[in-house]
Each structure stands twice: as C-alpha cells, then as structure tokens.
Amino acid sequence: MKSINKFTITLPSRSYNEAFARSVVSSFVLQLDPTLDELSDIKTAVSEAVTNCIVHAYKDYIGKIYISAEIFSDNSVQVKIRDTGCGIPNVAEAMEPLYTTGGEDRAGLGFAVMQSFMDNLKVKSTIGKGTTVTMRKKISLRAGKNATL
Ligand SMILES: Nc1ncnc2c1ncn2[C@@H]1O[C@H](COP(=O)(O)OP(=O)(O)O)[C@@H](O)[C@H]1O
Ligand SMILES: [Mg+2]
C-alpha cells in the first residue's frame, strides 16, 4: 500500500492534549473526505488512546506522547500513539472489556471502543519501556467525492 501523506507530533502528557490530539488527527483525516460518523469514530479512538498515555502510562508524572497519522492509497488512515511509560504486563487481559487498573474512575472500555470504532487495532507493550497502539480505518469512497489522491 502506497503512503500518501504523514505527520508526526510529540506532545507532553497534559490532559489538555487529549482534545488537541483528537483535533489534529481529525483535521488531517479530512483530506479523505470522511463522513461525520467516520470522523467521530477516529476522534473517539484517538481520545481513548491518548487518555491511556496520560492516566496509565505516565500515572504520576508528565511524559512524551508520540502521535503519527499516515494516509494510504486505499483511502485508509493509520494512527499510531506511543508512550515510553510503565507498559502493560498482560496486553490480552488489558484489552478485555471492563478490565481496568484505574479503579472507580475508569470504565475499562477504552480498548473495546478503539477496537469497535476502528477496523484494526494492535497493541504492543513492554513493561518499563512503554506501549504502542496502532489503529487503522478505511474511509469510504463516496460518490461525488473530490478525488485528491
Ligand atoms: N498506554 C498505557 N500504558 C500503561 N497501561 C495501559 C495503557 N493503556 C492501557 N493500559 C492498561 O490497560 C487497562 C485497560 O485500558 P482501557 O480499556 O482503556 O480501560 P481504562 O482506561 O478505563 O482502564 C488500563 O486500566 C491500564 O491498566
Ligand atoms: Mg482507557
């Protein structure tokens, strides 16, 4: 699959940056002419992944969040959200709906949301080294779309 366009940004894990990251990725994806539903799915998935970096990876301190989005020739977008925080001991368990180490405040549905709103979700994690979440979504080709690719 041919790569068409890409950006990478690095942000500190401040809570303001959850909304900022969501907006940046969604602005970038606009070039694929997504429906409002597709855009909202991507925004929600990005919010969940970035929130996890803020509240879990860097629980008691501010660390760096590396975000990239890449557009491919099949009208898909791949979003990567990486941290160098605490890591996840058991990824399969963490991805189970309702599993949380966040106590009362958290629903344990972040990964479930990412999985259902995107076409593909991969989570790689090493304890003490950090976590990379890679998500992909194909944007529908609509009649009357202005072909820019
Ligand atoms: N980036 C991350 N770094 C460390 N742990 C994480 C990260 N993302 C998720 N986790 C772990 O996976 C669990 C499940 O995440 P999630 O499904 O988003 O639910 P929630 O955030 O509500 O706990 C978290 O409670 C946490 O233990
Ligand atoms: Mg979460």
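It should be noted that the structure appears before, not after, this text.
Residues numbered from 1 in each chain as written. Chains lettered and ligands numbered in written order. Predicted model: local features only at pLDDT ≥ 70, side-chain atom pairs only at ≥ 80, totals over all residues. Heavy atoms only, no water.

Enquirer: Talk me through the sheet that holds strand β4 (residues 120-126); I want residue IDs and the actual numbers.
Expert: As summarised here, the arrangement of the five strands in space is β1-β2-β3-β5-β4, forming an open sheet in which the pairing is antiparallel. Bordering the open sheet on either side are β1 (3-12) and β4, each of which pairs with just one other strand. Ignoring which end each strand starts from, the neighbouring axes of this sheet average 10° apart. (Pairing = 2+ DSSP bridges. Helix = DSSP H or I, 4+ residues; strand = E, 2+ residues; numbered from the N terminus. Axes fitted to C-alpha atoms, helices over the stretch in contact; angles between N-to-C directions.)

Enquirer: I'd like to hear about the site of ligand 1, residue by residue, with values.
Expert: As a structural note, the neighbourhood of ligand 1 is formed by 18 residues, with H56, D83, T100, T101 and G108 the closest of them. Taking G108, its main chain carries an N or O atom lying 2.8 Å from an oxygen atom of ligand 1. Out of a free accessible area of 530 Å², ligand 1 has 94% covered by protein chains. Mapping ligand 1 onto the cavity grids shows that it belongs to the largest pocket. Secondary-structure elements contributing two or more residues to the shell around ligand 1 are α2 (36-57) and α4 (110-117). With three residues, the top contributor of residues to the shell around ligand 1 is α2. Considered class by class, the residues forming the shell around ligand 1 number eight nonpolar, eight polar and two charged. (Near = heavy atom within 4 Å. Polar contact = N/O pair within 3.5 Å; in protein donor to acceptor, adjacent residues only side chain to side chain. Areas by Shrake-Rupley, 256 points an atom, 1.4 Å probe, with all protein chains shown as cover. 1 Å grid on protein atoms, 1.4 Å probe; cavity = no way out; pocket = protein on both sides within 12 Å on 5 of 7 lines; lining within 4 Å. Sits in = over half its atoms within 2 Å of the grid points. Nonpolar A, V, L, I, M, F, W, Y, C, P; charged D, E, K, R; others polar.)

Enquirer: So what about the nonpolar core? Which residues, and what values?
Expert: The biggest cluster of nonpolar side chains holds 36 residues, and the ones touching the most others in it are V46, I81, F111 and M135. Contacts of F111, omitting those with residues within four sequence positions, involve N52, I88, A94, M95, L121, V123 and V133. (Core = buried A, V, L, I, M, F, W, Y, C linked by side-chain atoms within 4.5 Å. Buried < 20%, exposed > 50% of the residue type's maximum accessible area, 1.4 Å probe, protein only. Contact = heavy atoms within 4.5 Å.)

Enquirer: Break down the pattern of salt bridges for me, citing the residues and quoting the values.
Expert: Per the counting criterion, the structure on display carries two salt bridges. A salt bridge links R22 to E18; the shortest N-O distance between them is 3.6 Å. With a gap of four residues between them, R22 and E18 both fall in helix α1 (residues 16-29), about one helical turn apart. A salt bridge links D41 to K137; the nearest nitrogen and oxygen atoms lie 3.4 Å apart. Of this pair, D41 sits in helix α2 while K137 is found in strand β5 (residues 130-138), placing the two residues 96 residues apart along the sequence. (Salt bridge = Lys/Arg side-chain N within 4 Å of Asp/Glu carboxyl O.)

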